[in-house]
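If you want the building blocks of each chain, they are given just below.
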Amino acid sequence: MRNFLIKRLLQTHTSLQYAKQQPHNLKGKSKSSQDWLTRQLADPYVEKARMLNFRCRSAFKLLEIDDKYKILKPGDAVLDCGAAPGSWSQVAVERTNATGNIEKAPVGAVFSIDRLHFHAVPGATIFGGMDFTKPASQQRLREALGDRPVNCVLSDMAPNATGIRMLDQENIINLCYVVLRFAISMSAPHANLVVKVWDNGDVPKLERDILRFYEKVKRVKPRASRSDSAEHFLVARSFKGTQKESST
Ligand SMILES: C[S@@+](CC[C@H](N)C(=O)[O-])C[C@H]1O[C@@H](n2cnc3c(N)ncnc32)[C@H](O)[C@@H]1O
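Residues numbered from 1 in each chain as written. Predicted model: local features only at pLDDT ≥ 70, side-chain atom pairs only at ≥ 80, totals over all residues. Heavy atoms only, no water.

**Details of the UniProt feature "active site" (unreviewed entry) in the protein**
No. 1: Residues annotated by UniProt as "active site" (unreviewed entry) correspond here to K196.
No. 2: Tracing the backbone through its elements, the reader meets K196 in strand β5 (residues 187-198).
No. 3: Here K196 is in contact with S155, D156, M157, A158, I172, C176, E231, H232 and F233, once residues within four sequence places are set aside. (UniProt positions renumbered as here; feature names shortened; annotations may be inferred. Helix = DSSP H or I, 4+ residues; strand = E, 2+ residues; numbered from the N terminus. Contact = heavy atoms within 4.5 Å.)

**Let's talk about the nonpolar core**
No. 1: In this structure, L79, F132, L193, I210 and Y214 are the most contacted members of the largest nonpolar core, which totals 40 residues.
No. 2: Of the residues forming this core, the biggest block, twelve residues, is contributed by helix α8 (residues 165-186).
No. 3: Core analysis: the second largest hydrophobic core is formed by 27 residues, L63, A98, L154 and V220 among them. (Core = buried A, V, L, I, M, F, W, Y, C linked by side-chain atoms within 4.5 Å. Buried < 20%, exposed > 50% of the residue type's maximum accessible area, 1.4 Å probe, protein only.)

**Here's the deal with the packing of aromatic side chains**
What describes a pair of aromatic rings is the distance from one ring centre to the other and the angle between the planes of the rings.
No. 1: Across all of its chains, the model carries five aromatic pairs by this definition.
No. 2: Between W88 and F233, the ring centres sit 5.6 Å apart and the planes meet at 45 degrees, which makes this aromatic pair tilted. Of this pair, W88 sits in helix α6 (residues 87-96) while F233 sits in strand β7 (residues 231-239), and the two are 145 residues apart along the sequence.
No. 3: Pairing F132 with F182 gives two aromatic rings, centres 5.4 Å apart and planes at 80 degrees, and the pair type is edge-to-face. Residue F132 is found in the loop between β3 (124-127) and α7 (135-145), and its partner F182 is found in helix α8; the two are separated by 50 residues along the sequence. For the residue pair F132 and F182, the accessibility class agrees, reading buried in each case.
No. 4: Taken together through their ring pairs, the aromatic side chains of Y45, F54 and F60 make up a single cluster. (Phe/Tyr/Trp six-rings, centres within 6.5 Å; stacked < 30°, edge-to-face > 60°.)

**Comments concerning α7**
No. 1: Looking at α7, one finds that the buried residues are S137, Q138, L141 and L145. Across the axial projection of α7, the buried residues extend over an arc of 95 degrees, all falling on one side. In α7, those exposed residues whose orientation departs by more than 90 degrees from the buried face are P135, A136 and E143.
No. 2: As for α7, its buried residues are in contact with β1 (77-81), β2 (109-113), β3, β4 (150-155) and α8.
No. 3: Taken from the residues just after α7, G146 is the one with a positive phi, measuring 60 degrees. (Arc of directions from axis to C-beta.)

**A look at helix α3 (residues 33-41)**
No. 1: Burial in α3 covers these residues: W36, L37 and Q40. One face of α3 carries all of its buried residues, which in axial projection span an arc of 95 degrees.

**What to know about a nonpolar patch on the surface**
No. 1: A cluster of nonpolar residues, I164, M166 and L167, forms a patch on the protein surface that exposes about 320 Å² of accessible area.
No. 2: Here M166 is to be found in helix α8.
No. 3: A relative accessible area of 65% places M166 in the exposed class. (Patch = residues over 30% accessible without salt bridge, like charges linked within 9 Å, V, L, I, M, F, W, Y side chains within 5 Å. Areas by Shrake-Rupley, 256 points an atom, 1.4 Å probe, with all protein chains shown as cover. Salt bridge = Lys/Arg side-chain N within 4 Å of Asp/Glu carboxyl O.)

Following this line, the structure appears as structure tokens:
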């Protein structure tokens, strides 16, 4: 039975190889392949993701955030940063009606970027093998968006863990600022923003900086986010624009 389950697990899009490329920021836990398999087998979200055809369990984090904060709607243009293997993009495509499946509802658009190459997500425009922090990548996204302002920017990006806690925390906060800067320059009025952070001292400053540009910001730990992970998300709603900021 166990061998059967392991085989089924490895058939999902979240391959062991992909997982090995993603050292999760677990507090003091071993990151061996065996531990990973054991944990996957015991995780109800993994089986649920397989049944609903999501590429990985992370889909449930975004579903939960969107169910509560209504950050995605049909017709929206969404940018998904750190999108591989693609489950957030799958959710974004569905909720924005990017494939036009919901009749008479506006059709959205999803732009998904990751420094890894990953399989196409139907309904999304994929930018694989591109580092979001590089000006050339951002230029490609700007060209793809054309005149269309973004209604929601998502970032589930995490830097490669160095093992040095302070450095890792600084790196993820820096990534958030790169996302925030891009979001400020490309967002429509009332747009939303979600960024992943790890619990650390710099988060309140980031929250304050986000609040200069968005009406509200909430720190969220979805149920689907593992309790032994330091990750949580800042959910910012209703982009205010930059006018007020520049006049103060
Ligand atoms: C936790 S995974 C994202 C999972 C994704 N939200 C999903 O549901 O399928 C984090 C991703 O961020 C990507 N990433 C990290 N830094 C990046 C960067 N500077 N540019 C682009 N992608 C990056 C990694 O390659 C990794 O695939």
